[in-house]
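Structural characterization, general
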Amino acid sequence: MGNINPHFLVNTSHVGTLMRTLDWSGSPLGDPSTWPYPLGTIVCLMLNSKFPMFLAWGPRLGFLYNDAYMEILGDKHPAALGQPFDEVWHEVWPEIVPVVAEALDGRASYFENMPLVLNRKGYDEQTWFTFSYSPLHDAEGKIAGMYCACTETTGQVLAEQNRVIENERLKSLFQQAPGYIAVLCEPSHLFELVNDAYLQLVGNREVMGKSIREAMPELEGQGFYELLDKVFQTGETFVGHAIPIKLQLEPGQDLVERFLDFVYQPIRDVRGEITGIFVEGSDVTDAVRATQAIRASEARLRQLANTIPHLAWMADPDGHIHWYNDRWYAYTGATPDQMLGWGWESVQDPALLPMVVERWRASLASGEPWEMTFPLRSASGEFRTFFSRAAPLRDEAGKIVQWFGTNTDVTEIKAAEKELKAASERKDEFLAMLAHELRNPLAPINTAAELLSLTHLDEARVKQTASIISRQVGHMTKLVDDLLDVSRVTRGLVTMRADVLDINELVTEAVEQVQPQMHVKQHRLSVQRADEALYVRGDRTRLIQVMSNLLNNAARYTPAKGTIDVKVTSAADWITISVSDDGIGLAPALAPYIFELFTQGERSSDRGQGGLGLGLALVKSLVELHAGAVSVRSEGAGKGSEFVVRLPRIAETGRRPHTQGKSGTPQPVGAGLSLMVVDDNEDAAQMLSLLLETVGHRVRVSHDASTALVTAQAAAPAMLFLDIGLPGMDGYELAKHLREMPETAHSVLVAVTGYGQPEDKERALQAGFDHHLVKPVKLAAVLALIEHHSPAGR
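This section reports on the structure supplied with the text. (Residues numbered from 1 in each chain as written. Predicted model: local features only at pLDDT ≥ 70, side-chain atom pairs only at ≥ 80, totals over all residues. Heavy atoms only, no water.)

A few words on the sheet that holds strand S27 (residues 771-774). Ordered in space as S24-S23-S25-S26-S27, the 5 strands form an open sheet in which the pairing is parallel. Across the chains shown, the open sheet's two edge strands, defined by having one partner strand only, are strand S24 (698-702) and S27. Across this sheet, the average inter-strand angle for adjacent strands is 20°, counted without regard to direction. Where strand S23 (residues 674-678) lies against strand S25 (residues 719-723), 4 bridges are found, and the strand directions are parallel. Across the sheet, residue Leu675 finds its bridge partner in S25, namely Met719. Strand contacts of helix H27 (residues 779-789): S23, S25, strand S26 (748-753) and S27, with the helix running at about 145° to S25, the strand carrying the most contacts. (Pairing = 2+ DSSP bridges. Helix = DSSP H or I, 4+ residues; strand = E, 2+ residues; numbered from the N terminus. Axes fitted to C-alpha atoms, helices over the stretch in contact; angles between N-to-C directions. Contact = heavy atoms within 4.5 Å.)

Structure (structure tokens):
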């Protein structure tokens, strides 16, 4: 191997490494150790090149190549290394052998984008190559082989072919476009490109390479030259609809009027400078003349429309109203100039206008008749409800040429329908509000119950906790009573108490309700009460609802560790309660509607309920029933909110609500009576049983009617408290069976139920009950019944 270039032995390329490991015994090149000096040097240079290269050496043209050429070989590598050239590229050998022969004769050659069908990946593949073949000489100066530097240009060739095809396609589309197209260049507006439709429009005259003024001199004075100049100078696009143009289609003939829709669009180069104008449009002459023909008959139609007892109008295909009948102007008090086009929007209800416009535009787009019912403002400012309908008028080809519409006053009809639904709607609305607010007192009750479950509670704390539970249960009971009184609500008769109340006390109770929720989110609560007692006249429960709703709202929409401030102030005649927070605030679009029922804001991942709904609607209703007002202020989303309630201030006169003192606490009664509680709600039964046992009575408990009958027969209780809604046999049927048993025929039966209407009480008495209590029952009422029926109480 003394003749081998030493760099070849240590070459680190893929092919170089492979060459040192191959068995060369079968190769026409022989063992690399026998290669003459020029070959080794050339191979070394080739292996170090990043450009695809190969050489063929010796009588059989043994094939050597570098790493860059491997991708061209594809699956032929590495088997091609050292093999005869004609075997490596046998599929194209007939095509390249003449070029090889020239190189072996001492003549170099160069080919650009030569097409070759190669089979290098298991299938025939059309490729293109740019390459050169050069002769190689041995140490004696004789031609011993050939050398090739090449690059595959398949991608470039295909891209160029596609570009040519795409250009031809675009030219075809340009010519086949249904509208006319032209490209004008330079400030003089030279015709650079036009399609057949444009030539047909202008009478097939010769225009290419001419300026607009030279090619179409009849346009002088029609304004088109000036429009083109303005677009070229300012870069502003011009769009024209049904623009009249007079053209000379034949030399020496009169000008012919046509109507065009078109656009003049400036063309800019890579520097942004205007170099020309793109012209595209359509000949709408037929449509314009058809419209003109229809409008010629509108006088008769308008005369007819003025005789009907409806508001009537006509509009263009794009919705532009161009005529109203006399009744429209008489009703709205508007002038024709005020109503032209889309002027009718001014007599619409602003809240419904977007929906009306959207539906009208949808019909314009689809061609379907338009129907809606909405209010229109009269000349006096009154809004009356109209059923509105418009239908398209079409030409013989089915194209819409205009719309004819009417508005029929249906105010009285809608009022009658509304009256029929009013009772049900008021009931459902009130039920929704009350059901939402029933949850508020549950928070302090739940907290108090958990506190009572703890050990080592002193008597004072137990009494304080029991007082909270009692007060909140009373609050819930009042709300449930209102819910059961729904028959009066549907007639609009909501009963409000008129007690004299200290607003500071109401704020304290409202804060007490929401403290658990604020504690969970670690809110910083600041309460600034007035320095003196401030009195209002109203319903205690309802006013607490107002403030607890506002506090709940602030807590719900203020992030953890946020700040909530409550402040009570007063003036001579008014008391002001403000609840402010640094929470999510209000979007401007939501603020005007937050006191409407069911208004909601956007949901987010940390809120189970989005927006401001029932609670704030209830706040507004209750505050207004107390002759007050509520408002909201927010600087926007993420900037917090402040709700302000204003109530009339009064002097401390009139009655104040009675507060039960310690004397009302039930006391044990000694040995007590034998009692029985039947309720399928195990917790309710257990609690009533514990209360009765605590005051000294013996109590048995059953959770269904069949077990209760067996237990009652064995125990013969003096008094039984029966739930009505029992599974299987209800409380009414159980009472009848108990009356039939000798052991309980004379026992006192007390119905304990959630049904509290007068007819429910009457049904219970008819079933054999002696008394009827509505859940949640008060212990004082139960003890009063027991005392009344005990031997000592008779």
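Let's shift gears to the pattern of salt bridges. According to the stated counting rule, one finds 26 salt bridges in the structure shown. Measuring nitrogen to oxygen at the nearest pair gives 2.7 Å for the salt bridge that ties Asp283 to Arg258. With a gap of 25 residues between them, Asp283 in strand S10 (residues 274-283) and Arg258 in strand S9 (residues 256-268) connect regions that are remote in the sequence. Classification of Asp283 by relative accessible area gives partly exposed; the value is 35%. Each member of the salt-bridge network shares a partner with another, and the members are Glu382, Arg384, Asp409 and Glu412. (Salt bridge = Lys/Arg side-chain N within 4 Å of Asp/Glu carboxyl O. Buried < 20%, exposed > 50% of the residue type's maximum accessible area, 1.4 Å probe, protein only.)

Within the secondary structure layout, His523 lies in the loop between helix H20 (503-520) and strand S17 (524-528). Side-chain polar atoms of His523 contact the backbone oxygen of Pro559, separated by 3.3 Å. Setting aside chain neighbours within four positions, we find His523 in contact with Met518, Ala555, Thr558, Pro559, Lys561, Gly562 and Ile564. (Polar contact = N/O pair within 3.5 Å; in protein donor to acceptor, adjacent residues only side chain to side chain.)

Before going further, it helps to examine unusual backbone geometry. Cis geometry marks the peptide bond from His77 to Pro78; its omega dihedral reads 5°. Relative to the elements of secondary structure, Pro78 occurs in the loop between helix H4 (67-73) and helix H5 (85-88). For Lys561, which is not glycine, the phi dihedral falls at a positive 65°. Positive phi, normally seen in glycine, also occurs at Ala627, with a value near 65°. Among the secondary structure elements, Ala627 is positioned in the loop between helix H22 (614-625) and strand S21 (629-633).

Let us look at the sheet that holds S17. Two orientations exist for strands paired in a sheet by backbone hydrogen bonds: parallel and antiparallel. Across the sheet, 5 strands lie side by side as S17-S19-S20-S22-S21; this open sheet has mixed pairing. The sheet is open, and its two borders are formed by S17 and S21, each paired with just one other strand. Pairwise comparison of adjacent strand axes, ignoring direction, gives a mean angle of 10° for this sheet. Sheet topology note: the strand S19 (residues 563-570)/strand S20 (residues 574-581) ladder contains 7 bridges and is antiparallel. What sits directly across from Val568, in S20, is Ile577. Sheet contacts for H20: S17, S19, S20 and strand S22 (641-648); angle to S19, the most-contacted strand, approximately 175°.

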